[in-house]
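Examining the three-dimensional arrangement
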Amino acid sequence: MEPLAQKLDHLSITSQPSHPSTSSSSSSLSSIPAWILSCFAARDRAAFAAADNKHENHDDQMEIDSHPYHPPSLPKNTVFNHSSSGSSTEFTDAVWGRVFNHRRDYSLTPHVHAVVRPRSVAEVIAAVSYAKVTGKRVSVRSGGHSWAAWSVRGDAVLVDLCELGLSDGLPSLREGHGHHGHHGAYGQTEELVKDADQRGPAEACVWYDEESEVVACPPAMTGRELNDFLAEKGRMFAGGHCPDVGLGGFLLQGGMGWNCKNWGWACESVISMEVVTADGQHLLINNDSHPDLFWAARGAGPGFPAIVTRFYLLTRPLMEMYQSLYFYPVSLFKKVLQWEINIAPTCDPGMEIVCVSTHLRSNPNPTDTNPNSNPSPEPKDYDPEPTILASFTLFTTSRSAALAALQPIHDLHPPGTKHLIFCQPTSLTQEYTQQLLANPEGHRYCSDNAYIASDLSSSSPTTSPPSELSEVFGASSSGFHDHEQGAAALSVPDVLEKAFTTLPTVQSSALWFSMNPRSRHPLLDPQGQPMALSMQSDHYFAVYTVWSDPRDDERCTGWVKDVFKGLVEKREAVLVGSYLGDADFRVRRARFWSDECAKRLKEVRKVWDGEGRMGGFCEDKEGNDRVMDNGEGWV
Ligand SMILES: Cc1cc2nc3c(=O)[nH]c(=O)nc-3n(C[C@H](O)[C@H](O)[C@H](O)COP(=O)(O)OP(=O)(O)OC[C@H]3O[C@@H](n4cnc5c(N)ncnc54)[C@H](O)[C@@H]3O)c2cc1C
């Protein structure tokens, strides 16, 4: 088999004038490795065989009698709301137990019709067919990490994919711990490796093919589970920063993974997917097969009109990781952020660059040398003053390469640090631990985000104007606006100052994530094909508000609203749009796509889900929703 023309090992977006992905112009079936095609064929046959078998053997299935001609059978472990088959506690746990955010609308619980946990494609098809004949809608859950708990919908069958791909030999969390938590469902790497050896590419929960460097995995697998498995093969996948985010929700909305600014969006590494459509068809989709659905699958987020049952992802080599961290007092926020904005385009293509406002732990475990760690912190354990952390995380090949990349940054860092760490070795495992500390479990969350206009930074007196700005803002097909002259009066640090300096709780954070140079290239996949994902700018800004007492709900959500009100008021000059991943469109609508892509997404959804079966954007069944109108404002 020919190696893939566009292996990610060679795909690193640099400041070159043309996007490397555009160098491969056309797609063809030959770009999909043959093993994927035969895997799909085998899996499709198995799904049909299982469906036939169900009609003869109902032992381990729950049959629904109401369907007049082709009774769909659901897995026995389906939990119904209105039935004698389970307690209300069991039902509530099935609905909410895997939802990360504890700010939950429990009034929805009695309106959820059933929670299904399919183990096979056949069982996913059965769940969709059941919804079809009973007139219910379908909502989907992979990792349960959407901030707004998009998987919990009224009048819907919730298809929770946490057991998809498991065999009898692979115990689910439920069997292992008696409870569906949100630490991933697939357990130990050794078990997954054994499972792959025993069951082979078509049946294994996760499978890595050395020749194509592609991994096949289920959508509820987390970034950490996948990377633990891939590390055994010397490979990695640039999944979400939080270890427990599910691949399903993450990839469908684009996926701002590790080193996104250089390696591109995680969905650019999806070469194919298996899906079950709203009509119960099992399909392999990619740029050659059902390209409209594949286009939508990279950017539609919860509006994807089908259920992904398997991803085929290009991996990249596992690299060494090093980090420099600069901790500043909040009074230096503007200076520090402007410095990061200025140097970002010149940094090594393996470098992720972040500015975050955070309260450091003031009470670290004395035996732990990491000033930021403490397993279960209370608000009193945090420094009352926020710290501005400038972070440079490098994926590279050696310590000497790391020193060469990090030294120029070090030489230019603004004076006034409270503390700094230079070129410290780190790893995905260590970074995942930090992310867990920053996003503590069992808390209430409210997040929102915006892409800030790339040209704002040029107005700062400390910045030299990027020369290619006019070219970039002319690229309307990739989601850029023309910006008003008024923007020239503002800098990015100006417009983010309020968020970074007034965090409402000590656990909360505000983040600026450098997206340049990825943001300077059209949003095309490595085969040069467009994706629904169509919004980006140099500056990704998000707030993550964290608290535990429900009495703080109004104050914390009110703070988020205030911050974004300030930005929305300046909209034309400041806001480009928003990322679905950190948004809640039931609270604030935003420009999630270019207008052209929003229109196309509406059409694709009509074609593939004309009856509005998939829960999507919480619209009514006729598709009357305002999310795809792509406007800004509060609901
Ligand atoms: C602590 C934390 C850290 C995060 N860090 C990052 C980050 O670094 N980068 C980033 O980009 N995002 C990040 N996010 C956002 C996260 O990627 C999104 O919220 C994403 O939707 C979560 O995916 P999930 O599968 O875990 O969520 P779920 O709630 O299970 O899924 C969200 C929705 O996506 C759709 N969906 C999910 N799976 C499928 C499927 N298989 N088929 C069809 N539709 C499906 C459904 O509509 C579902 O309701 C983070 C979120 C949290 C809570």
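Cut-offs used in this document
- Residues numbered from 1 in each chain as written.
- Predicted model: local features only at pLDDT ≥ 70, side-chain atom pairs only at ≥ 80, totals over all residues.
- UniProt positions renumbered as here; feature names shortened; annotations may be inferred.
- Helix = DSSP H or I, 4+ residues; strand = E, 2+ residues; numbered from the N terminus.
- Contact = placed C-beta atoms within 7 Å.
- Near = placed C-beta within 6 Å.
- Buried ≥ 20, exposed ≤ 12 C-beta atoms within 10 Å, placed from the backbone.
- Pairing = 2+ DSSP bridges.
- Axes fitted to C-alpha atoms, helices over the stretch in contact; angles between N-to-C directions.
- Parallel < 35°, antiparallel > 145°, perpendicular 65-115°, else oblique.
- Left-handed = near helix turned anticlockwise from the far one by under 90°.
- Nonpolar A, V, L, I, M, F, W, Y, C, P; charged D, E, K, R; others polar.
- Core = buried A, V, L, I, M, F, W, Y, C linked by C-beta atoms within 7 Å.
- pLDDT = per-residue confidence, 0-100.
- Expected span 1.5 Å × (residues − 1).

Looking at an unreviewed UniProt entry, the protein chain carries the name FAD-binding PCMH-type domain-containing protein, with the source organism given as Sordaria macrospora. Quoted verbatim from the Cofactor (unreviewed entry) field of the UniProt record, the comment on the protein chain reads "FAD". For the protein chain, the Sequence similarities (unreviewed entry) comment in UniProt is given as "Belongs to the oxygen-dependent FAD-linked oxidoreductase family."

Time to look at the overall build of the protein chain. Within the protein chain, the regular secondary structure consists of 17 helices and 23 strands. Once local pairs closer than 6 in sequence are excluded, the contacts in the protein chain between residues at least 24 apart make up 73%.

Here we come to the site of the ligand. In the neighbourhood of the ligand, 33 residues make up the surrounding shell, with Gly143, Cys242, Gly246, Gly248 and Gly249 lying closest. When residues of the shell around the ligand are traced back to their parent elements, those giving at least two are strand 5 (137-141), helix 7 (247-252) and strand 12 (306-314). In terms of residue count, the dominant contributor to the shell around the ligand is helix 7 (4 residues).

Of all the 9 residues making up strand 20 (residues 539-547), 9 are buried; the element is thus mostly covered by neighbouring parts of the structure. Of the two faces of strand 20, both are covered, the one formed by His539, Phe541, Val543, Thr545 and Trp547 as well as the one formed by Tyr540, Ala542, Tyr544 and Val546. The pairing of strand 18 (residues 444-452) with strand 20 spans 9 bridges and is classified as antiparallel. By the bridge assignment for strand 20, Asn449 is matched with Ala542. Here strand 19 (residues 509-514) pairs with strand 20 via 6 bridges, running antiparallel. Looking across to strand 20, one finds that Ala510 is bridged to Val543.

Two numbers describe how helix 10 (residues 333-343) lies on helix 14 (residues 492-501): the axes approach to 10 Å, and their chain directions differ by 130°. On the basis of their axis angle, the class for helix 10 and helix 14 is oblique. As helix 10 runs across helix 14, the sense of the crossing is right-handed. Facing helix 10, whose interface residues are Phe333, Lys334, Leu337, Gln338 and Ile341, helix 14 presents Val492, Pro493, Leu496, Glu497, Phe500 and Thr501. Looking at the contact of helix 10 with helix 14 residue by residue, the class counts come to 7 nonpolar, 2 polar and 2 charged.

Read across the open sheet, the 4 strands follow the order 3-4-6-5; overall the sheet is mixed. At either end of the open sheet lies a strand with only one pairing partner, and these are strand 3 (79-80) and strand 5. Here 3 bridges tie strand 4 (residues 114-116) to strand 6 (residues 156-160), and the two strands are oriented parallel to one another. The residue of strand 6 that forms the bridge with Val115 is Leu158. Against the sheet, helix 3 (residues 121-134) engages strand 4, strand 5 and strand 6, with an angle of about 170° to strand 6.

In a soluble, globular protein the nonpolar side chains are often hidden away together inside. Ranked by size, the top nonpolar core spans 176 residues in total, and within it Ala127, Val157, Val159, Val206, Val215, Ala297 and Ile452 carry the most contacts. Of all the elements, helix 3 adds the most residues to this core, at 9 residues. Setting aside residues no more than four positions away along its own chain, Ala127 makes contact with Leu74, Val116, Pro118, Val157 and Val159.

Locating Ala402 in the fold gives a position in helix 11 (residues 399-412). Residue classification places Ala402 among the buried residues on the basis of 24 C-beta atoms within 10 Å. C-alpha separation for the pair Ala402 and Cys423, spaced 21 residues apart in sequence, amounts to 6.9 Å. Residue contacts for Ala402: discarding those within four places in its chain leaves Tyr322, Leu394, Thr396 and Cys423.

Attention now moves to the pairing of strand 18. Among the 9 residues that make up strand 18, 8 are buried, leaving the element largely enclosed by the rest of the structure. Where strand 18 and strand 21 (residues 575-577) come together, 2 bridges link them in antiparallel fashion. Directly across from Ile452, in strand 21, lies its bridge partner Leu575.

Attention now moves to the environment of Glu225. Mapping Glu225 onto the fold places it in helix 6 (residues 223-231). Using a count of 28 C-beta atoms within 10 Å as the deciding quantity, one classes Glu225 as buried. In the structure, Glu225 is positioned 38 residues away from Gly187 in sequence and 7.7 Å away in space, judged by C-alpha atoms.

So, on to the sheet that holds strand 7 (residues 207-209). What the 5 strands build is an open sheet, ordered 7-8-12-10-11; its pairing is antiparallel. Bordering the open sheet on either side are strand 7 and strand 11 (282-285), each of which pairs with just one other strand. Recorded for the sheet is a direction-independent mean angle of 20° between the axes of neighbouring strands. Relative to strand 12, strand 8 (residues 214-217) runs antiparallel, the two being bridged by 4 bridges.

In this section: the confidence of the model for the protein chain. For the protein chain, per-residue confidence averages 84 on the pLDDT scale, and 80% of positions sit at 70 or higher. This model gives residues 174-181 a pLDDT under 50, and the stretch forms 10 contacts once residues within four places in sequence are excluded.

Right, let's talk about helix 3 for a bit. With 14 residues, helix 3 extends 20 Å from end C-alpha to end C-alpha; this agrees with the ideal 20 Å at 1.5 Å per step. With 11 of 14 residues buried, helix 3 is to be regarded as a mostly interior element. Taken residue by residue, helix 3 has Val121, Ala122, Glu123, Val124, Ile125, Ala126, Ala127, Val128, Ser129, Tyr130 and Ala131 as its buried positions. With its phi angle positive at about 75°, Gly135 sits one or two positions after the end of helix 3.

With that out of the way, let us pick up unusual backbone geometry. Between Asn516 and the following residue, Pro517, the backbone shows a cis peptide bond with an omega angle of 25°. Within the fold, Pro517 resides in the loop between strand 19 and strand 20. Although it is not a glycine, Asn259 adopts a positive phi angle of roughly 50°. Its identity as a non-glycine residue notwithstanding, Cys423 has a phi of 50°, on the positive side. Following the sequence through the fold, Cys423 ends up in strand 17 (residues 419-426).

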